[in-house]
Amino acid sequence: MLQKERHDHILAKLNLESSIRVRDIAQEYEVTEDCIRKDLAILEKEGKLKRVHGGAISIRENPHTFNVSARLDKYVEEKKIIAQKAVQLIKPGAMVFLGISTSNIEIAKLIYQKNLNITVVTNSVDILLIFSAECDTNLIFIGGGFNRTKDGFVGAITNDLLKDYQFDLSFLGVVGIDLNKNQLTTYDVNDGMTKKMVLSRSKHSYVVVEGVKFEQDGNFVCAHLEDFDGIITDRVLNDKQRSIIEKKGLVII
């Protein structure tokens, strides 16, 4: 196995297990323990892990990119891939909730371009503006307490407005996914509580995430894997990631 391959395997294993031991990795890859120690030293210098006695632990990033506007131009192609997959799940006449998410903005653009005869419900100002022009898509906007960093509405009033809906399908974005701890996170408590309300009012729900979010964390746990029917991502997941997700009953798209 080449050094680059070992490094990729080591990081993937850390992402799932949070910690590794030099002895176990050396045996698995059939190399010396000194070889693995050198690998870990290189990866630590690159800021990808932290060495501890006998092994290493993962470093999960919290990017603290609170404002939606600051995320609009990041991972654009990945979000377009996610949007293409998501729109294929929408049936004519469906009532679909699109939460505050830059991936959902791309989904909304596709729905508008395809002029789908559905009802979109959203609490996102960016998504509201997409449907301001004439189209066959019916739009319902959910108000409440305005969150400027989210460019949308979340919190108690929003949740009260949502509680009587029954969505055929919902798409929700998150800040990060930690498969090892089985938790999906966001930054804002009110945003998290609104996501929980949407999940409780959805017949089917999907989390939409770029692959990088498997290595990131937010500050508030808003859901667990089993709360969703599936996950839509741009990245081909490794066997261990797929195993964890599928054991929770989710489909991977």
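So, how was this worked out
Residues numbered from 1 in each chain as written. Predicted model: local features only at pLDDT ≥ 70, side-chain atom pairs only at ≥ 80, totals over all residues. Heavy atoms only, no water. Helix = DSSP H or I, 4+ residues; strand = E, 2+ residues; numbered from the N terminus. Rg over C-alpha atoms; globule rule 2.2 N^0.38 Å. Contact = heavy atoms within 4.5 Å. Areas by Shrake-Rupley, 256 points an atom, 1.4 Å probe, with all protein chains shown as cover. Pairing = 2+ DSSP bridges. Axes fitted to C-alpha atoms, helices over the stretch in contact; angles between N-to-C directions. Buried < 20%, exposed > 50% of the residue type's maximum accessible area, 1.4 Å probe, protein only. Right-handed = clockwise from strand over helix to strand, strands pointing away. Polar contact = N/O pair within 3.5 Å; in protein donor to acceptor, adjacent residues only side chain to side chain. Core = buried A, V, L, I, M, F, W, Y, C linked by side-chain atoms within 4.5 Å. Parallel < 35°, antiparallel > 145°, perpendicular 65-115°, else oblique. Left-handed = near helix turned anticlockwise from the far one by under 90°. Nonpolar A, V, L, I, M, F, W, Y, C, P; charged D, E, K, R; others polar. Salt bridge = Lys/Arg side-chain N within 4 Å of Asp/Glu carboxyl O.

Caption draft 1: How the structure looks around the overall build of the chain. In terms of helices and strands, the chain carries 9 helices and 15 strands. Taking 18 Å as the expected radius of gyration for a compact globule of 253 residues, we find that the chain reaches 20 Å, a close match to that expectation. Put simply, of all contacts in the chain between residues at least 6 apart along the chain, 63% involve residues at least 24 apart. By element, 49% of the accessible surface of the chain is carried by carbon and sulfur atoms, the whole surface being about 12400 Å².

Caption draft 2: Examining the sheet that holds strand S2 (residues 49-52) more closely. One open sheet accounts for 3 strands, arranged S1-S3-S2; its pairing is antiparallel. Here the strands that pair on one side only, and so sit at the sheet edges, are strand S1 (19-21) and S2. Geometrically, the sheet is characterised by an average inter-axis angle of 25° between neighbouring strands, direction not taken into account. The strands touched by helix H2 (residues 22-29) within the sheet are S1 and strand S3 (55-58), with S1 carrying the most contacts at an inclination of about 70°.

Caption draft 3: Here's a closer look at the pairing of strand S5 (residues 119-122). Neither face of S5 is left uncovered, since the one carrying Thr119 and Val121 and the one carrying Val120 and Thr122 both have all their residues buried. Looking at chain direction, strand S4 (residues 95-98) and S5 are connected through 4 bridges and run parallel. By the bridge assignment, Phe97 is partnered in S5 with Val121. At this point the chain moves from S5, through helix H6 (residues 125-130), to the parallel strand S6 (residues 138-141), and the crossover so formed is right-handed.

Caption draft 4: Examining helix H9 (residues 239-247) more closely. Taking the backbone nitrogen of Lys240 as reference, a side-chain oxygen 3.1 Å away marks Asn238 as the first, capping residue of H9. Phi turns positive one or two residues past the end of H9, at Gly249, with a value near 90°.

Caption draft 5: Fine view of the nonpolar core. Counting 25 residues, the largest nonpolar core has Ile177, Leu184, Phe214, Phe228, Ile231 and Ile245 as the members making the most contacts within it. Every element with two or more residues in this core is listed here: helix H8 (189-200), strand S12 (205-209) and strand S13 (220-223). With 3 residues, S13 is the largest single contributor of residues to this core. Not counting residues within four places of it along the chain, the set of residues in contact with Phe228 comprises Leu172, Leu184, Leu199, Ser205, Tyr206, Val207, Ala223 and Leu250. In this structure, Ile111, Cys135, Leu169 and Phe171 belong to the second largest nonpolar core, which totals 24 residues.

Caption draft 6: Structural view of the environment of Ala56. Residue placement: Ala56 occurs in strand S3. For Ala56, a relative accessible area of 0% translates into the label buried. Ignoring any residue separated from it by four or fewer positions in sequence, one finds Ala56 in contact with Leu14, Ser18, Ser19, Ile20, Leu40, Leu49, Lys50 and Arg51.

Caption draft 7: Representation of the packing of H2 against helix H3 (residues 33-45) within the structure. Direction vectors running N to C along H2 and H3 enclose 110°, while the axes themselves pass 9 Å from each other. One finds that H2 runs roughly perpendicular with respect to H3. The handedness of the crossing between H2 and H3 is right-handed. Contacts from Val22, Arg23, Ile25, Ala26 and Tyr29 in H2 reach Glu33, Ile36, Arg37 and Leu40 in H3. Of the residues assigned to the contact of H2 with H3, the class counts are 6 nonpolar, no polar and 3 charged.

Caption draft 8: A look at the pattern of salt bridges. The tally for this structure, following the rule as stated, stands at 17 salt bridges. A salt bridge links Asp24 to Arg21; its shortest N-O distance comes to 3.0 Å. A salt bridge links Glu46 to Lys48, with the shortest nitrogen-to-oxygen separation between them at 3.3 Å. Owing to a relative accessible area of 45%, Glu46 belongs among the partly exposed residues under this scheme. When its relative accessible area of 41% is taken as the criterion, Lys48 is described as partly exposed. Within the structure, one salt-bridge network assembled from shared partners comprises Glu33, Asp34 and Arg37.

Caption draft 9: View of the sheet that holds strand S10 (residues 176-178). With antiparallel pairing, 3 strands are arranged side by side in an open sheet as S10-S11-S13. At either margin of the open sheet sits one strand with a lone partner, and together these are S10 and S13. Averaged over neighbouring strand pairs, the angle between their axes works out to 40° when direction is ignored. In terms of strand pairing, strand S11 (residues 183-186) meets S13 through 3 bridges, oriented antiparallel. Bridge pairing in S13 links Thr185 to Val221.

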